[in-house]
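Chain by chain, the residues run as shown.
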Amino acid sequence: MITGLQLDCFKSFHHTPVAKISRVNLLTGANGCGKSSFCQSMLILSQTWRRGLVNSLLPNGVWKDLGTYDDIVCSFDKNRHIGIHITTNAERENDFELHFRRSEENPTLGEVLDVKVDGLKIDDISGSNDNYRNNERNLDSESSEEMVRLASLRDFPSLMALQRMYYIAAERIAAPYIQPLDETTPLEYLAPNGGNVLNVLWKNQATGCIERVQEMLERVLDGGRLKLEAIGDQLVLKINSVDDNNYYRPANVGYGYSYILSLITAAVLAPTGSFIIVENPEAHLHPAAQAKIMNELMVVTKERDIQLIVETHSDHVLNTALRAVNEHRLNVDELEVLFFSNSTNSDKMPETKVRNLEVNERGHILNPPKQFFEQYSIDLRALYTPPTRHE
């Protein structure tokens, strides 16, 4: 399991402390404070490693299209080197420092400058890993630093979760009524915008995926059934949102039913030991449904040893996680609440700050910062304070 992430010179992050990461992680803070960028640092690693490229950094791929290397490096950093520091809870090989620079061959990409594993510098990112597997460390006679080799991420199982990523983006779309049948759709790849969700459900129907998605949909929205069938070369989706035998086009039932379908599908399909990133799960959902989908996601993380990152602006999502701690359904050390804010550095340049908020065993956040879900309290004080009389 990944336990920490530190970013240097990535987008609005100049130099950050290590942000602790646990099983369930909520990213909070105002708009434009770096929550999405924090997720993007992991997403670009994931889309790079999914391609089997361990010596590159791909700003554009299956999860995100962020432009060029110059678009993702901190704009006022002189070195122009991106650093990503990951810690895990593995017994060994649990500390990874990766540094990237702009590729000389293709300026769109990044390339590895150096990598350290447990403080040991990897001297040849594309070389053989036989020496490493046999624990034969190559020593430089003129240096006390040991050198190790890396051939693939399979050497480090604790990082594999980032390859087995499921990502549901904020800019997702509702499930369509009709989608062309695509036999080439990978079993495990759900597009971030949910655009291929019908094909993914169809390809996984033999595993009972559609039934499990329907069961979760019923729990979150207090009812709802799906009918997915192939008619010619088209997949056709119909939904029932009431207790009768009729099925309707998604446009003719509540929008939340089709909009949440890709998120539920990701929760059902994500394999043991994987990683889920969800942006704004609360979108288009009633507050009760927001709480229920968060509860479902937390159950999934426990059942299949999955790590979950949720970027949210919903106090209902936050309070659901805090209640899980209070009610002992989630251990206090299994929840991290990260707060993002804008600041300036010593050179008076803008940068993002991130810190872990302290949560106690009662599910209370100790010393919450300003702008931390305080609008509800502000509104209540205004409503219950006698209005000022104007003469």
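Residues numbered from 1 in each chain as written. Predicted model: local features only at pLDDT ≥ 70, side-chain atom pairs only at ≥ 80, totals over all residues. Heavy atoms only, no water.

Concerning the overall build of the chain
Reasoning step 1: Per the secondary structure count, the chain includes ten helices and 20 strands.
Reasoning step 2: Split into buried and exposed, the 391 residues of the chain put 50% on the buried side.
Reasoning step 3: Summed over its atoms, the accessible surface of the chain is roughly 18900 Å², and 47% of this surface lies on carbon and sulfur atoms. (Helix = DSSP H or I, 4+ residues; strand = E, 2+ residues; numbered from the N terminus. Buried < 20%, exposed > 50% of the residue type's maximum accessible area, 1.4 Å probe, protein only. Areas by Shrake-Rupley, 256 points an atom, 1.4 Å probe, with all protein chains shown as cover.)

Topic: the packing of aromatic side chains
Reasoning step 1: The final tally for this structure, using the stated rule, is eight aromatic pairs.
Reasoning step 2: Taken together, a centroid distance of 5.0 Å and an interplanar angle of 90° make the contact between phenylalanine 372 and phenylalanine 373 edge-to-face.
Reasoning step 3: Note on phenylalanine 372: relative accessible area 9%, which makes it buried.
Reasoning step 4: Following the ring pairs from residue to residue traces out a cluster consisting of Phe13, Phe38 and Phe340. (Phe/Tyr/Trp six-rings, centres within 6.5 Å; stacked < 30°, edge-to-face > 60°.)

Regarding the packing of helix H5 (residues 209-221) against helix H8 (residues 287-304)
Reasoning step 1: Put simply, H5 and H8 touch, their axes get as near as 8 Å, and they point 140° apart. As far as their axial angle goes, H8 and H5 are oblique. Of the residues in H8, those in contact with Met216, Arg219, Val220 and Leu221 of H5 are Ala289, Lys292, Ile293, Glu296 and Val300.
Reasoning step 2: Its residues placed into classes, the contact of H5 with H8 shows six nonpolar, no polar and three charged. (Axes fitted to C-alpha atoms, helices over the stretch in contact; angles between N-to-C directions. Parallel < 35°, antiparallel > 145°, perpendicular 65-115°, else oblique. Contact = heavy atoms within 4.5 Å. Nonpolar A, V, L, I, M, F, W, Y, C, P; charged D, E, K, R; others polar.)

Section: the sheet that holds strand E15 (residues 234-240)
Reasoning step 1: Here we have three strands laid out as an open sheet, ordered E13-E15-E14, and antiparallel in their pairing. The outermost strands of the open sheet, each flanked by one partner alone, are strand E13 (178-180) and strand E14 (225-231). When strand polarity is set aside, the average angle formed by the axes of neighbouring strands in this sheet is 20°.
Reasoning step 2: The sheet contact formed by E14 and E15 spans seven bridges and is antiparallel. From the neighbouring strand, isoleucine 231 faces E15, where its bridge partner is glutamine 234. (Pairing = 2+ DSSP bridges.)

Examining the sheet that holds strand E17 (residues 307-311)
Reasoning step 1: Overall, mixed pairing links the seven strands, which are arranged E12-E16-E17-E4-E18-E19-E20 in an open sheet. One side of each edge strand has no neighbouring strand; the edge strands of this open sheet are strand E12 (165-168) and strand E20 (365-366).
Reasoning step 2: In the packing of helix H1 (residues 35-49) onto the sheet, the strands contacted are strand E4 (24-28), E12, strand E16 (275-279), E17 and strand E18 (335-344), and the crossing angle to E17 comes to about 140°.
Reasoning step 3: Where helix H9 (residues 315-326) meets the sheet, it contacts E4, E17, E18, strand E19 (350-359) and E20, and its direction lies at approximately 140° from that of E18.

Section: the nonpolar core
Reasoning step 1: Residues Ile260, Met294 and Leu335 are the most contacted members of the largest nonpolar core, which totals 60 residues.
Reasoning step 2: Setting aside residues up to four positions removed in sequence, isoleucine 260 forms contacts with Leu217, Val220, Leu221, Leu285 and Ile293.
Reasoning step 3: Residues Phe10, Leu98, Phe156 and Leu338 belong to the second largest nonpolar core, which totals 47 residues. (Core = buried A, V, L, I, M, F, W, Y, C linked by side-chain atoms within 4.5 Å.)

Points about unusual backbone geometry
Reasoning step 1: A positive phi is found at lysine 11, a non-glycine position, where the angle reads about 50°.
Reasoning step 2: Residue position: lysine 11 is located in the loop between strand E1 (2-10) and strand E2 (13-15).
Reasoning step 3: Judged by relative accessible area, which is 23%, lysine 11 ranks as partly exposed.
Reasoning step 4: Notably, glutamate 93 is not glycine yet its phi reads approximately 50°, a positive angle.
Reasoning step 5: Its place among the elements puts glutamate 93 in the loop between strand E6 (82-88) and strand E7 (95-102).

So, a nonpolar patch on the surface
Reasoning step 1: A surface patch of nonpolar side chains, about 520 Å² in accessible area, is lined by Tyr376, Leu380, Leu383 and Tyr384.
Reasoning step 2: Looking at where tyrosine 384 falls in the secondary structure, it is placed in helix H10 (residues 375-384).
Reasoning step 3: Residue tyrosine 384 is classed as exposed on the basis of its relative accessible area, which comes to 69%. (Patch = residues over 30% accessible without salt bridge, like charges linked within 9 Å, V, L, I, M, F, W, Y side chains within 5 Å. Salt bridge = Lys/Arg side-chain N within 4 Å of Asp/Glu carboxyl O.)

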